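Residue strings, one per chain:
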Amino acid sequence: MKDALAIHRWLLAHQIHHEIVRLPRPLTCADELPEILDAPAARCVCVTVFDAVTRGVAEPVAVVGAVGAAPTPSAVAALLGADRVSAASAFLVNSVTDYAAGLVCPLLLPDGLTVLVDRRLADGVHPDESVYTVTGERRTALRIRARHLFSLVAGDSADLATPRPRALTTLGSPMRTA
């Protein structure tokens, strides 16, 4: 499993200023970062892994976003054109990311993994602000400038706001949706 030391060494090799933060208590998942660090949720980054099935073929998809603003499976399905999308099991998360489930860092993800970066995250954080993310370990977090994180994450920016439902029809007449 990857850990804070692997991330630290990789960032040093890329000459990226960062800080490994020792947490006052252990994390069980990235969703606890805002409370433990007393930081806004919009500046705490998490990775949500989905299992997307398209034409009978299952493929894991990692989505990098803000804590508390994980996209819905339907938003991911609409973007990918998938038949079905669901939250990945802990076993799948562990095996495809090499991080502990719930503690997946957006850095050092495998090359073959499809990674999407929720555009709402980048839009909500100034590039020079620090953001926080988990490191794969329960007692540490990574503090890094947003512009550095976004430049290092190997993923495509995507609009993952919840898709609006299509216009419904009742007896041939369209219904308006909000």
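Above this text is the structure in question.
Residues numbered from 1 in each chain as written. Predicted model: local features only at pLDDT ≥ 70, side-chain atom pairs only at ≥ 80, totals over all residues. Heavy atoms only, no water.

## Focus on the overall build of the chain
Filter applied, for reference: Numbered from the N terminus, helices here are DSSP runs of H or I no shorter than four residues, and strands are runs of E no shorter than two. With C-alpha atoms as the basis for the radius of gyration, the globule rule is written as 2.2 Å multiplied by the number of residues raised to the power 0.38. Each accessible area is a Shrake-Rupley estimate made with a 1.4 Å probe; only the visible protein chains count as cover when residues are assessed. For this count, His and the chain ends are skipped, Lys and Arg are scored as positive, and Asp and Glu as negative. Here the site of a charge means NZ on Lys, CZ on Arg, CG on Asp, or CD on Glu.
What the chain contains, in helices and strands, is six helices and 10 strands. Over its C-alpha atoms the chain spans a radius of gyration of 17 Å, differing by no more than 12% from the 16 Å that the globule rule assigns to 178 residues. When its C-alpha atoms are laid out on the principal axes, the chain stretches across 60 × 35 × 30 Å. Here the chain displays about 9600 Å² of accessible surface, and carbon together with sulfur accounts for 52% of that area. Put simply, the chain has 17 plus and 18 minus side-chain charges, and the middle of one group is 2 Å from the middle of the other.

## What about unusual backbone geometry?
Heads up, the condition is: In this scheme, a residue with accessible area under 20% of its type's maximum is buried, one over 50% is exposed, and one in between is partly exposed, where area comes from a 1.4 Å probe on protein chains only.
For R55, which is not glycine, the phi torsion reads 50° and is therefore positive. Looking at the secondary structure, you find R55 in the loop between β2 (44-54) and β3 (57-66). Backbone geometry places L108, a non-glycine residue, at a positive phi of 65°. We classify L108 as partly exposed; its relative accessible area is 22%.

## A few points about the side chain of T97
This is how the line gets drawn: Polar contacts here mean pairs of N or O atoms no more than 3.5 Å apart (in protein, one a potential hydrogen donor and the other a potential acceptor; neighbouring residues in sequence count only if both atoms are side-chain atoms). Note on contacts: a residue pair qualifies if any of its non-hydrogen atoms lie within 4.5 Å across the two residues.
In this structure, T97 sits in helix α4 (residues 90-97). Judged by relative accessible area, which is 0%, T97 ranks as buried. Of note is the side chain of T97, whose polar atom sits 2.6 Å from the backbone oxygen of V93. Among the polar contacts listed, one links the side chain of T97 to the backbone nitrogen of Y99, at a separation of 3.1 Å. The contacts of T97, once residues within four sequence positions are left out, are K2, V49, V104, L109, P110 and L113.

## Details of the environment of L160
Along the chain, the position of L160 falls in the loop between β8 (156-158) and β9 (168-170). Between the C-alpha atom of L160 and that of S74, which follows or precedes it by 86 residues, the distance is 9.4 Å. Sequence-distant contacts of L160, that is, excluding residues within four places in its chain, are made with V63, P71, A75, V76, L79, L116, D118 and R120.

## Points about the side chain of H148
For H148, the location among the structural elements is in helix α6 (residues 146-152). Not counting residues within four places of it along the chain, the set of residues in contact with H148 comprises I16 and H17.

## A closer look at the nonpolar core
We apply this condition: Among buried residues, the Ala, Val, Leu, Ile, Met, Phe, Trp, Tyr and Cys ones that are joined through side-chain atoms within 4.5 Å form a nonpolar core.
Formed by 29 residues in total, the largest nonpolar core has its most connected members in L11, V64, L107 and I144. Elements that contribute at least two residues to this core include exactly α1 (4-13), β2, β3, α4, β5 (114-118), β7 (140-145) and α6. If we ignore the near neighbours within four places in the chain, the residues touching L107 are I7, W10, L11, Y99, L142, L149, L152 and V153. I36, V67, L103 and Y132 belong to the second largest nonpolar core, which has 15 residues in total.

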